[in-house]
Amino acid sequence: MSTPAVTTVVITDTNVLINFLHIGQLALLGELSAYRFQLPTEVLQEFTDPGQKASVDNAIAVGQLDLLVIDELDALALFGDLRDLMGRGEAACLALAATVGCHIASDEKKRFRRKAIELIGEARILGTEDLLLEAIRYGHITVAQADGYKVVLAENRYTMPFASFAERL
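Summarised in this report is the structure supplied together with it. (Residues numbered from 1 in each chain as written. Predicted model: local features only at pLDDT ≥ 70, side-chain atom pairs only at ≥ 80, totals over all residues. Heavy atoms only, no water.)

## Here's the deal with unusual backbone geometry
Okay, so step 1: Although it is not a glycine, K110 sits at a positive phi angle of roughly 50°.
Okay, so step 2: Secondary-structure assignment places K110 in helix α7 (residues 110-120).
Okay, so step 3: Residue K110 is classed as exposed on the basis of its relative accessible area, which comes to 66%. (Helix = DSSP H or I, 4+ residues; strand = E, 2+ residues; numbered from the N terminus. Buried < 20%, exposed > 50% of the residue type's maximum accessible area, 1.4 Å probe, protein only.)

Here is the structure:
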């Protein structure tokens, strides 16, 4: 299948990265050429497992992920406001997505999701399942592989509200 020429920047939260680490597919993010995945340093600092941190560091080193520093005044101000409502990684992701105008990859619910919808709109929020669907659509993985990943993620306390990715295509 062809890949779109436009690249969408996606600020990526810790939970999505951990989900892709659980299924051993962090490199898959780098294969989704329609997207450019970036993470703020605050997200990198949230990794406490040395193996997971090493995997993310490697993905940055080989260009599958980009590391960002919040250095624009409007993003810093919003980050400061959001830190009172949520964790540092989530606040950094949302501040960047809102001020730069890009998408966000996060599986957070409740307060974070409500605030994200308010600031950037629901259409710019991608979850793990959305990214796996994109990987299926562009031929990087099969529905059967994605369904297998869904089982592994459920074993790691991330459940999806459907039986098979075939239902979502």
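## Quick notes on the layout of surface pockets
Okay, so step 1: Quantified by volume, the largest pocket comes out at close to 240 Å³.
Okay, so step 2: In terms of lining residues, the largest pocket is bounded by N15, I18, N19, H22, D107, E108, K109, N156, R157 and Y158.
Okay, so step 3: Across the lining of the largest pocket, the residue classes tally to 2 nonpolar, 4 polar and 4 charged. (1 Å grid on protein atoms, 1.4 Å probe; cavity = no way out; pocket = protein on both sides within 12 Å on 5 of 7 lines; lining within 4 Å. Points joined across faces, edges and corners; volume = space filled by probe spheres on them. Nonpolar A, V, L, I, M, F, W, Y, C, P; charged D, E, K, R; others polar.)

## Topic: the nonpolar core
Okay, so step 1: Core analysis: the biggest nonpolar cluster contains 56 residues, and F20, L26, L65, L131 and L132 have the highest contact counts within it.
Okay, so step 2: The leading source of residues in this core is helix α6 (residues 88-100), at 7 residues.
Okay, so step 3: Not counting residues up to four positions away in its chain, the partners in contact with L26 are L17, F20, L21, S55, V56, A59 and L65. (Core = buried A, V, L, I, M, F, W, Y, C linked by side-chain atoms within 4.5 Å. Contact = heavy atoms within 4.5 Å.)

## Remarks on the packing of aromatic side chains
Okay, so step 1: Summed over all chains, the structure comprises 2 aromatic pairs.
Okay, so step 2: Ring centres of Y35 and F37 lie 5.9 Å apart, and the angle between their planes is 40°; on these two criteria the pair is classed as tilted.
Okay, so step 3: Under the relative-accessibility criterion, Y35 is labelled buried at 14%.
Okay, so step 4: When the ring centre of F162 is taken as reference, the NZ or CZ atom of K150 above it lies at 5.5 Å. (Phe/Tyr/Trp six-rings, centres within 6.5 Å; stacked < 30°, edge-to-face > 60°. Lys NZ or Arg CZ within 6 Å of the ring centre and 35° of its normal.)

## Points about helix α9 (residues 143-155)
Okay, so step 1: Over its 13 residues, α9 extends 19 Å from the first C-alpha to the last, a length consistent with the 18 Å expected when each residue adds 1.5 Å.
Okay, so step 2: Among the structural elements, α1 (14-22) and α8 (128-137) are those in contact with the buried residues of α9.
Okay, so step 3: At the exit of α9 stands R157, carrying a positive phi of roughly 70°. (Expected span 1.5 Å × (residues − 1).)

## Brief notes about the pattern of salt bridges
Okay, so step 1: Per the stated rule, a full pass over the model turns up 5 salt bridges.
Okay, so step 2: Linking R36 and D66 is a salt bridge whose minimum nitrogen-to-oxygen distance equals 2.7 Å. Of this pair, R36 sits in strand β2 (residues 35-40) while D66 is found in strand β3 (residues 66-68), placing the two residues 30 residues apart along the sequence.
Okay, so step 3: Overall, R36 belongs to the partly exposed group, its relative accessible area being 25%.
Okay, so step 4: Exposure remark for D66: the relative accessible area of 23% places this residue in the partly exposed category.
Okay, so step 5: Across the pair E134 and R137 runs a salt bridge, and its minimum N-O distance is 2.9 Å. (Salt bridge = Lys/Arg side-chain N within 4 Å of Asp/Glu carboxyl O.)

## Points about the environment of Q52
Okay, so step 1: Within the secondary structure, Q52 sits in helix α4 (residues 50-61).
Okay, so step 2: Each C-alpha atom, one on Q52 and one on G139, is 26 Å from the other, the two residues being 87 residues apart in sequence.

## Regarding the state of the cysteines
Okay, so step 1: For the coordinates displayed, the defined rule picks out 0 disulfides.
Okay, so step 2: Left unpaired, C93 is separated from the closest cysteine sulfur, that of C102, by 9.4 Å.
Okay, so step 3: Taking relative accessible area as the criterion, C93 reaches 0% and is therefore assigned buried.
Okay, so step 4: Of the residues examined, C102 reaches a relative accessible area of 5% and is grouped as buried. (Disulfide = S-S within 2.5 Å.)

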